[in-house]
Amino acid sequence: MQWQSELLEYSWGRARQPGELVRLVAARPGEPTPCHRLARVVETLSWLPHPYTGDLYPPYHKAAALLEWLFTERIEGTIVLLESNCVFRFPVISEIKRGQPKAAAWPDLPRGDGPFGLGSGFEFLEKFCVDRTIDLPAVTLPVLIHSSDLRKIVARWLELMSIIRAETAGTANGSLSDADNIAYAIAAAEAGIQHTVADLGAGIEAQQNVAPILDYRHPIASTDGDIAWDPGTYRNWEPVQPERAQPGPGREVLTLLSEFLERREQGLELAFLRPCRHKGVREGKILGSMFLDIPGRADTVSLNSSGAAIWEVCDGTRSLAEINRELETRFEMPPGSLRADIEVVIKRLERIGALRLEPV
Amino acid sequence: MNTPRDIQLKIHLAGGHEHTVTLREDAPELLVLFTALSTPESGNRFVQLPLDGGKVACSFQTSQLVSIVSEPPVVMELHKVPELGKVHNAEHPTSATQLRRPRFVVIDDFLSPQEHNELLAFSLISEEQFKAGTITSYDPETRQNLAILGFGESVHSRLVQNRLLIWFPLLAKTFGMPVFPLAMVESQLTAAGDGHYFKVHCDDAPDLPRVLSCVYYLHREPRGFAGGDLRLYDCIETGGSRRPADTFTTVEPVANRLVVFPSEEFHEAMPVRCPSKEFADSRFAVTTWLHRAACPNPGTLFGWGHFRCGVVAPQFAAYQGSGGNKS
C-alpha cells in the first residue's frame, strides 16, 4: 500500500539510514508506477497470483521481485530486507560479509520429528529436498544479508514457497500461511548460509526492545484494552491518535505516522530532503536573468527572479525546510506562504535534471 | 584453411584500466581495436567486448585505448574496418546484413551444493546407462558424447526442471520475448569425455519447437578435464537466412552453472581433454529445452507436478517483451 511505503520512506530519511532505498513493485504493463521522493522504484514481474498455481499468496511476490532485481541489476553489497509494514527507528549500519547474514528471531518455527526437524505434516518435503537432516535457522525478516548470499537463496525460496503452499492446500487448515518463512529457512540451510539471530526488528507487542526496525503488522492496543489502530483497516492518510495507544512501540509507530501525516499535510515531509545540484550543471547570468546549461539537454533553461533565488540556495547544504525558512525570511513572507511555490520550482528543477533530492 | 587461433589481448585504457579478453584472430573487433590504435584519425568508435566468459561486458570508446599486448603476436592488415553490427554482403551488396551478438544468461549456483552433488552422484553411478546417442539423431562427425535416454522422466530431471520453471518468466523477459505456453520440457543428461565435442549447431528446427535451451554443468572437484567450453556464436542475418559468424563468446563449464540461450542461437561444445580418460572425470551436463505449445493446455502439469505451465498466466499475457538482451 502506498501509505505504508511512504511511511517507511519517511522513517528511512528521518533515521538517516545510509544506502539506497529500493521499492520493488509488481507492475502489469501499462499500469502507472508509484512515485517516491527518496526511494527508487523498480518494476518487476507480478507473481500475484502465482503464475502456475493461481495461488493468491502475497509473499510470492517478495521472493520473485528480489530474484528479478538481483539478477537484473547485479547488486553487490549488504541488503536490509524488510517488509513494507516496517519503519526505521534508527539506522542499521552493519556491513555484512558473505556467509554471515543476520536476521530477526522467529520463535514460531514449527518443531517436531519431520524433515528438517519440522513438525508433522511436512513429510512431503522428503520428495523435494535432497538433504532433510540439516538444521533450519529460526529466523524471519528483517534480514541483513550480502547480495551474493541472497542470490543463492532466492529462487529456491520462491520454489519451496510454491511447493509448501501447494502441498498443504488440501489440509484442514488450508495452505500454510507461514510458508514463506519456512521456505526461506530451508533455502538458506540448503545453501549452507548460516544466519545469526540479531535484534534487528521487533513487533509492536515487544515492550522492551532496542531493535532499529519496528514491525506494525498487528493491531495496536489502546490504553483501555481496545484496539487503538489497525493497519489492516487503515485508509490512506486518515488522521491517527497516538495518545489512545498504550505506551510502547505501538504508540511509537502511531506517533511516527501522525508526525508524517502532519508534515505531509503541511508539505513538510520534505524537511528531510536536501536539494543537490547535479554535476556538470552550469549557470550563467545575462542582463540579470539566470540561465542553466544542463548536460544532456539541447536547450538552455531560463529562470525568473524567484526561480533564480531558489536555485541559488539549493547548494546541497540546506534541507528543504531550511530553504523555506531562509526564503521566507529574505522576502519577509509569513511562515509557510512560499512552501508550495518553492516545491513547484524544485520539482521542476529535479525533473529537468538540474537537481536531485537526497536525504539530509 | 587453418582454424583461426585464439588471441589473448591485454587492453590498456586511459586512466590505468586494464582488461584481458580472448578473441579469435578473425574477429572484427580485433581489426577495430588495432585500427583505432594505428590510425586514430579514423575516428572514435564505441566497442563492447565480452569478459569473464561472457558474464561481463567491457564497453569503451576507442579514443581511450592506450596500448594492446597480444599473445601470440598478431600482425593485422589494416586496410578495411568492418562495421560492428553490420557486415558487408558480397553476394547481395544492397541487402542489409546484420551481425547479431548471441543472447544468453549465466546463472551460477543454480542448485544448492547438495543438489549438485546428488546429481553428480547419480551421473557417476549411471555410467552403464550412458549411450552414444541422442534423442534426435547421432552423427559422430558432428557430435561425440554420451547421453542417458529417458533421463527426462527421472526425479533428477524434475529437480532441474522445477527450479528452471521458477526462472522461466524472468528468462523470457530478459530475452525480450513474451512468456509462452509450454508444450513440454525436454531433458537429457550427457557426459563428455576425452575428445568429445559437439560442433556448431542450433537446437531449434521447424518440427522441433524448442524456444529456450538450458545447459546445467556438473563435474567433480578438482576438475578432471580441460576444454569443453560452450561457444555462442555471433549470428549473421541476411534477409530470412541466418548463419554463424566466426566470432563468438565463450562460457566456461563451471560446476553448478546454468547457461540459458534462445534455441535458435548457434553454439558449439568445444572438445574436452580428459587426461585420466576416466568416466568420472567427464564434463557432465543436463540440457533442458523448453518447448512452446501450439495450443495452450491448462491441464498439463510440469516439474514436480504442481505447476500448470501449459497456459500463460494473465499477468504475463499482456507482457510482450521489451526486446532487451542480457549477457
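Computed from a predicted model, the values in this text were never measured in an experiment. (Residues numbered from 1 in each chain as written. Chains lettered and ligands numbered in written order. Predicted model: local features only at pLDDT ≥ 70, side-chain atom pairs only at ≥ 80, totals over all residues. Heavy atoms only, no water.)

With that settled, the discussion passes to the overall build of chain B. Summing up its helical and strand segments, chain B has 4 helices and 19 strands in all. With 327 residues in all, chain B has 51% of them scored as buried. Taking as baseline every contact in chain B between residues at least 6 positions apart, the subset at least 24 positions apart corresponds to 76%. Counting every atom, chain B has about 14700 Å² of accessible surface; 52% of that belongs to carbon and sulfur. (Helix = DSSP H or I, 4+ residues; strand = E, 2+ residues; numbered from the N terminus. Buried < 20%, exposed > 50% of the residue type's maximum accessible area, 1.4 Å probe, protein only. Contact = heavy atoms within 4.5 Å. Areas by Shrake-Rupley, 256 points an atom, 1.4 Å probe, with all protein chains shown as cover.)

What follows deals with the overall build of chain A. What chain A contains, in helices and strands, is 9 helices and 16 strands. Counting only C-alpha atoms and orienting by the principal axes, one finds that chain A spans roughly 80 × 55 × 35 Å. By residue count, 50% of the 360 residues in chain A fall in the buried class. Residue pairs at least 24 apart in sequence account for 63% of intrachain contacts in chain A once pairs closer than 6 positions are excluded. Each charge class in chain A was averaged separately, 39 positive and 49 negative side chains, and the resulting centres sit 6 Å apart. (Lys, Arg positive; Asp, Glu negative; His and termini not counted. Charge placed at Lys NZ, Arg CZ, Asp CG, Glu CD.)

What follows covers the pattern of salt bridges. Across all of its chains, the model carries 38 salt bridges over all chains by this definition. As a salt-bridge pair, B:R103 and B:E264 come within 2.4 Å of each other at their nearest N and O atoms. One end of the pair, B:R103, is in the loop between β6 (97–100) and β7 (105–107); the other, B:E264, is in the loop between β16 (258–262) and β17 (267–269), with 161 residues separating them in the sequence. Since its relative accessible area comes to 12%, B:R103 is described here as buried. B:E252 is paired through a salt bridge with B:R223; the nearest N and O atoms lie 3.0 Å apart. Highlighted residues: B:E252 in the loop between β15 (241–251) and β16 and B:R223 in the loop between β12 (210–218) and β13 (226–227), separated in sequence by 29 residues. Sharing partners across several salt bridges, the network here consists of A:R156, A:E159, A:E190, B:E115 and B:R163. (Salt bridge = Lys/Arg side-chain N within 4 Å of Asp/Glu carboxyl O.)

Moving on to helix α5 (residues 179–190) of chain A. A rise of 1.5 Å per residue sets the reference length of α5(A), with its 12 residues, at 16 Å; its end C-alpha atoms lie 16 Å apart and thus fit the reference within 8%. For α5(A), the buried fraction is high: 12 of the 12 residues fall into the buried class. Along α5(A), the residues classified as buried are A:A179, A:D180, A:N181, A:I182, A:A183, A:Y184, A:A185, A:I186, A:A187, A:A188, A:A189 and A:E190. Each element contacted by the buried residues of α5(A) is listed here: α2 (59–73), α3 (125–128), β6 (139–146) and α4 (147–167) of chain A together with α2 (113–125) of chain B. Looking at the residues trailing α5(A), positive phi occurs at A:G192, about 75 degrees. (Expected span 1.5 Å × (residues − 1).)

Attention now moves to the domain arrangement of chain B. Residue and element names in this part refer to chain B. Looking at the assigned domains, one finds that chain B contains domain 1 (6–71) and domain 2 (97–292). One C-alpha centre belongs to domain 1, the other to domain 2; they are set 30 Å apart. Opposite the 11 residues of domain 1 that make contact, domain 2 presents 14 residues. For the pair domain 1 and domain 2, the summed buried surface comes to about 890 Å²; carbon and sulfur atoms form 49% of the total. (Domains from an automatic or database assignment. Buried area = accessible area lost by both parts, 1.4 Å probe.)

The next thing to look at is the sheet that holds strand β14 (residues 289–293) of chain A. Residues and elements named next belong to chain A. One open sheet accounts for 3 strands, arranged β13-β14-β15; its pairing is antiparallel. Since the sheet does not close on itself, it has two edges, and those belong to β13 (282–286) and β15 (301–303), each with one partner. Each strand of the sheet is rotated relative to its neighbour by a mean of 30 degrees, with strand direction disregarded. Relative to β15, β14 runs antiparallel, the two being bridged by 3 bridges. Across the sheet, the residue bridging to M290 is L303, located in β15. (Pairing = 2+ DSSP bridges. Axes fitted to C-alpha atoms, helices over the stretch in contact; angles between N-to-C directions.)

What follows concerns the side chain of A:S11. Its location among the elements puts A:S11 in helix α1 (residues 2–14). Apart from the residues lying within four places of it in its own chain, the contact partners of A:S11 are A:V87, A:F88 and A:L256.

On to the packing of α4(A) against helix α3 (residues 155–174) of chain B. One way to put it is that α4(A) packs onto α3(B) with a least axis distance of 10 Å and a crossing angle of 105 degrees. The angle between the axes of α4(A) and α3(B) places the two elements in the roughly perpendicular class. Only B:N162, B:R163, B:I166 and B:W167 of α3(B) make contact with α4(A), whose side of the interface consists of A:A155, A:R156, A:L158, A:E159, A:S162 and A:I163. Considering only residue class, the contact of α4(A) with α3(B) consists of 5 nonpolar, 2 polar and 3 charged. (Parallel < 35°, antiparallel > 145°, perpendicular 65-115°, else oblique. Nonpolar A, V, L, I, M, F, W, Y, C, P; charged D, E, K, R; others polar.)

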